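Commentary on secondary and tertiary structure
One-letter residues, chain by chain:
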Amino acid sequence: MAGERKRVLSGMRPSGKLHLGHLHGVLDNWKSLQEEYDCFFFVADWHALTTNYQTSGTIRPNIREMVLDWLAVGIDPSKATIFVQSDIKEHAELHLLLSMITPVSWLERNPTYKEQQQQLKEKDLSTYGFLGYPVLQAADIIIYKAHKVPVGIDQLPHVELTREITRRFNYLYGEVFPVPDALLTEVPKLPGLDGRKMSKSYGNSIFLSDSADEVRKKISTMITDVERPRKSDPGDPEERCVAFNLHRLYVPSERRKEIVEECKAASLGCVKCKKELAEAVIAHLEPVWRRREEFSRDPGMVDKILGHGAERARGFAANTMKEVREALWNQNAG
Ligand code: TRP
């Protein structure tokens, strides 16, 4: 029964088009979770505003692109609840209430707070909202009484803070919320075209929405084994080849073994090898493109899905907020 399953909640900031790193790092994981748990997956547009408040107009179009990518890879609105954070005003109310009980010192020692301020020097992030980023995240999570929060390692401090804030709320006002656990997502090594981590800001990404020709072109520029400048040099793909990390994901293991042998024997050249790789990646992405195309053909489709998701999420969040107000305003009563 749906009502008896444990709840999973996770969110992504709307950064626009997603790439293969997101697919293998996050979305494949969400896809298997939706089979087993009552999943809430949402677009964290208010969180995007904490760093992009000066370019707020760019956020909306990114939501649509990102949700299309979710749907295209198989995040299924009949299995998971998919919605946009700012559609559920209850998150904001809970955020406000949690902000009352969260010591500023907990937020100031949050490692991502300092790190991001340093990294994004061009932006003024000395705002109240940015400091409170993890408080909003805590509200996102506990308003659905989530048991599990799948996140990458960079988000662990935020989930830890959520747990501390939750315990403090429960201690002050009564046991309203389960204390959620992080579900650490193992991210397979997926370097970008240049060997650095695949990231939109490095310009080294293969996007889910790239065309077959773009995939071919991008893969042809990929770094291979730098110690094998000529085809006649024997290579060591498992140790040194950047492109081979994609082989591990897309080329069946039997063929992969042959490729290793041929590369080591200097009989297979990188150009040919990458052509074969590109076709394997394309074969994997074809169903994704087909579904993306289906979902984008009907212009009202994404809105409809997000509308249904918001309805379900709102019902849940509104119930929680009733309990929260009850517990908070009647503290120690009776
Ligand atoms: N901070 C998360 C990120 O940048 C996004 C996010 C917002 C989130 N609220 C959340 C993730 C709640 C998990 C749970 O990736």
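Nothing here was measured: the structure is a model prediction, and the numbers come from that model.

Analysis parameters
Residues numbered from 1 in each chain as written. Predicted model: local features only at pLDDT ≥ 70, side-chain atom pairs only at ≥ 80, totals over all residues. Heavy atoms only, no water. Helix = DSSP H or I, 4+ residues; strand = E, 2+ residues; numbered from the N terminus. Buried < 20%, exposed > 50% of the residue type's maximum accessible area, 1.4 Å probe, protein only. Contact = heavy atoms within 4.5 Å. Core = buried A, V, L, I, M, F, W, Y, C linked by side-chain atoms within 4.5 Å. Domains from an automatic or database assignment. Buried area = accessible area lost by both parts, 1.4 Å probe.

**Some words on the environment of Ser78**
With respect to the helices and strands, Ser78 occurs in the loop between α3 (59-73) and β3 (81-84). Under the relative-accessibility criterion, Ser78 is labelled exposed at 62%. Through-space distance from the C-alpha of Ser78 to that of Gly309 is 9.6 Å; in sequence the pair is 231 residues apart.

**Points about the environment of Ile82**
Tracing the backbone through its elements, the reader meets Ile82 in strand β3. For the pair Ile82 and Gly11, spaced 71 residues apart in sequence, the C-alpha separation works out to 9.6 Å. Contact partners of Ile82, with chain neighbours within four places excluded, come to Phe41, Trp70, Leu71, Ile75, Asp76, Pro77, Ile305, Leu306, Gly309 and Ala310.

**Focus on the nonpolar core**
Ranked by size, the top nonpolar core spans 55 residues in total, and within it Leu20, Leu27, Trp70 and Leu246 carry the most contacts. A domain split of this core shows at least three residues from each of domain 1 (7-190 + 299-329) and domain 2 (210-293). Look past the residues within four positions of Leu246 in its chain and what remains in contact with it is Leu20, Leu190, Ile206, Ile219, Met222, Val251 and Leu277. Grouped together as the second largest cluster of nonpolar side chains are 40 residues, Ile88, Leu97, Leu98 and Ala327 included.

**Thoughts on the domain arrangement of the protein chain**
By a widespread convention, an interface's size corresponds to the accessible area lost as its parts come together. When the domains of the protein chain are assigned, the result is domain 1 (7-190 + 299-329) and domain 2 (210-293). A C-alpha centroid distance of 36 Å is found between domain 1 and domain 2. On the domain 2 side, the residues contacting the 12 residues of domain 1 number 10 residues. Of the roughly 950 Å² buried where domain 1 meets domain 2, counting both sides, 58% is carbon and sulfur surface. Interface area lost by domain 1 to domain 2 is led by Leu20, His24 and Ala72, which between them contribute 43%.

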